[in-house]
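# An overview of the molecular structure
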Amino acid sequence: LLIADTYNDCIRVLSPSGEMTTLVGNPDEDPGLADGTGTDVRFYMPLGIARHPSGDFIVTDGYNQALRRIRRSTRKVTTVGYIERDKENRWAAGGPFKGQLMGVSVSSNG
């Protein structure tokens with residue numbers, strides 16, 4: 001079971017035996033926006049997670065207002081979409097998303 005651990009800014013794995021481990025992100029560091037692997041990854045309040053048909057995972061990264069992809073094979077996180085902001089930090093016209101990304105669902109064809 002994968003868990004978007006919102007207030008610890010990481011993605012966790014809960015094993016069938018009840019053991020909790022961190023898949024990506026670092027709960028001991030400040031939140032942010034950084035792609036990569038392991039503890040180098042930064043989230044800012046991840047809110048939702050869904051499994052892509054490829055086996056990868058898509059995460060809504062709430063305060064970063066971004067969609068992030070976790071590659072199942074490598075555990076590498078990449079930012080795949082975000083809400084554009086203007087210089088006053090308002091939602092930019094024509095940005096791909098409007099408002100905070102709360103949850104995510106992936107269709108069977110991706």
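Residues numbered from 1 in each chain as written. Predicted model: local features only at pLDDT ≥ 70, side-chain atom pairs only at ≥ 80, totals over all residues. Heavy atoms only, no water.

### Some thoughts on the environment of Q65
Basically, it comes down to this: Secondary structure is summarised from DSSP: a helix means a run of H or I of at least four residues, a strand means a run of E of at least two, and numbering begins at the N terminus for each. Working definition: with a 1.4 Å probe on protein chains only, accessible area under 20% of the residue-type maximum means buried, over 50% means exposed, and in between means partly exposed.
One can find Q65 in the loop between β5 (57-61) and β6 (66-70). Classification of Q65 by relative accessible area gives buried; the value is 9%. On a C-alpha basis, the gap between Q65 and I83 in space is 5.6 Å, while along the polypeptide they are 18 residues apart.

### Brief notes about the nonpolar core
For clarity, the threshold we go by: For this analysis, a nonpolar core means a set of buried residues of the types Ala, Val, Leu, Ile, Met, Phe, Trp, Tyr and Cys, connected via side-chain atoms within 4.5 Å. Contacts are residue-level and defined by heavy atoms, with any inter-residue pair within 4.5 Å sufficient.
By size, the foremost hydrophobic cluster in this structure holds 10 residues: A4, I11, L23, V24, V41, F43, F57, V59, I70 and V77. Contributions of two or more residues to this core are made by β3 (20-25) and β5. The contacts of I11, once residues within four sequence positions are left out, are L2, I3, A4, T21, T22, L23, V24, F43, P46, I49, V59 and I70.

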